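Reading the structure
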Amino acid sequence: MTLSPEMWLHRMREEVPRGRVPVRIFNDPSVWQLEQERIFGRCWVVLGHESEIPGRGDYMLRYIADNAVIVVRDEVGSIRGHLNMCRHRGAQVCRAELGNTSHFRCSYHGWTYDTSGELIGVPYHKEVYNERLDRSEWGLVPVRIETYSGLIFGSLDASAEPLADFLGGFQWYLDYFLNPTGAGTEVCGPPDKWIVDADWKICAENFAGDGYHLPVTHQFGVKFGYFPSNNRTHFEGYAVHIPGKGHGIGLGKTPGLQPFSGLPEEVQEGMKRGLDPDQVEVFKDVRSAIATIFPNLSLVSQPFSRTPGKPGTRFCGMRLWHPLGAGKIQVYCWCVVPKDAPAAYKEEAYRSFTLLLGPGGVFDQDDLDNWRSVTRSAGSSAARQLTFPYDMGQDREPDPSFPGPGVAVSPYVSEVNFVNLWSTWLEYMLADERAAVGDVR
Ligand code: FES
Ligand SMILES: [Fe+2]
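Everything in this summary refers to the structure shown in the same document. Keep in mind the model is a prediction, meaning the values are calculated, not measured. (Residues numbered from 1 in each chain as written. Chains lettered and ligands numbered in written order. Predicted model: local features only at pLDDT ≥ 70, side-chain atom pairs only at ≥ 80, totals over all residues.)

1. Description of the pairing of strand β19 (residues 328–338)
Of all 11 residues in β19, nine are buried, a share of seventy percent or more. Looking at chain direction, strand β12 (residues 185–187) and β19 are connected through three bridges and run antiparallel. Along β19, the bridge assignment pairs Glu 186 with Val 337. The sheet contact formed by strand β13 (residues 192–196) and β19 spans five bridges and is antiparallel. Directly across from Trp 194, in β19, lies its bridge partner Val 331. With nine bridges connecting them, strand β18 (residues 313–325) and β19 associate as antiparallel partners. Each residue of the ladder has a partner; that of Gly 325, found in β19, is Lys 328. (Buried ≥ 20, exposed ≤ 12 C-beta atoms within 10 Å, placed from the backbone. Helix = DSSP H or I, 4+ residues; strand = E, 2+ residues; numbered from the N terminus. Pairing = 2+ DSSP bridges.)

2. Quick look at helix α13 (residues 416–430)
Between the first and last C-alpha of α13 there are 22 Å, a value that for 15 residues agrees with the 21 Å anticipated at 1.5 Å per step. Those residues of α13 that sit buried are Val 416, Asn 417, Phe 418, Val 419, Asn 420, Leu 421, Trp 422, Thr 424, Trp 425 and Met 429. (Expected span 1.5 Å × (residues − 1).)

3. A look at the sheet that holds strand β6 (residues 98–100)
Ordered in space as β2-β11-β10-β5-β4-β3-β6, the seven strands form an open sheet in which the pairing is antiparallel. Edge positions in the sheet fall to β2 (45–49) and β6, since each has one partner strand and no second. Between one strand axis and the next, the sheet turns through 30° on average, direction left out of account. Summarising the sheet, strand β5 (residues 79–83) and strand β10 (residues 142–148) pair through two bridges and their orientation is antiparallel. The partner of His 82 across the bridge, within β10, is Pro 142. (Axes fitted to C-alpha atoms, helices over the stretch in contact; angles between N-to-C directions.)

Remember that the coordinates give geometry; whether it matters functionally is a separate question.
Below is the structure:
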């Protein structure tokens, strides 16, 4: 008998707490059908970074699942989100990926909207509508926008909880990536983008703290001395998650590493001022910090040396696993640097970033080959009956001495964060149907 997705997802509710996850979730069109409405129709999803649209009228085209969203800074400097869909017959009113404008004019019949989404122009309004069309009713469909530390989040759900509640304390960790010195961050240009036959969920899982793969998948880097690491990292550091929210971070430590490794003096000093003492205590000794904000935004901070054996330069990479369907993503990949960092450091961090991440980056090639491979297996018919084990670290007690929010276990190589990730995903998938695109007019 073939089970409907809802039926086997209900069965999954018993399996996840004991560390079993169905293989098929990683590549199944019926799962994707539900995810569009229940995950991407309800969550706060990252659309970009404020520094991508610094001036009034600056806009960029982004997506929440299959919905195109214009993210624009309006006339008074507020960031707005609008569905990229003319209210007359649905043509896209914005055709460029990035630009600056005072208005969006539809190429079909010419309806025109200002940057705040109001319909300000209807050709022949008097002659053909006899002025009976109420323009105030037919503005672009708004997408809710909130920001945290430069990150722009959008939600299609008018009743979604406030972003601060959605993040649920994970801000404490995001500060390290997005506002380490108190002066904010900026991205180094537009994101690299490329399409991969991998499911967004295996990528999100990996960045929620898969330290286990590092010495195998990325062994070239350890062997050649491009980044400071050894297999002791398996016995150090923390995996932290926010229960019920899905967010997770792995804090890898390499014994003997210099504090603030890979950062210039100015950024080190900035961190001591910009972060609170507990944050400094945790992050100064981190070799790699790797995190996922549920559902599909990940961050990594890691030193990389272009000269084997030298300490190298720390960079911060941010990646959006934008789903194009079951088992297919477009990766968006940015380099993030503190605004007040020295120019020479920003340049060097960007160099390290491009060597490791992006379509030509060696880390991404290592990882994406494996994630494609996982996705291919998960889409096979025999895999529909199988589960994956998530046993690693489930017997570990949380460490009450860890100063940050959430549940921390040590060492960081474990699958504890992933069980929380899949429990959260499941709760969204099984929640009662609510109106997506809530504020439709
Ligand atoms: S579809 Fe845009 S004006 Fe007709
Ligand atoms: Fe990796």
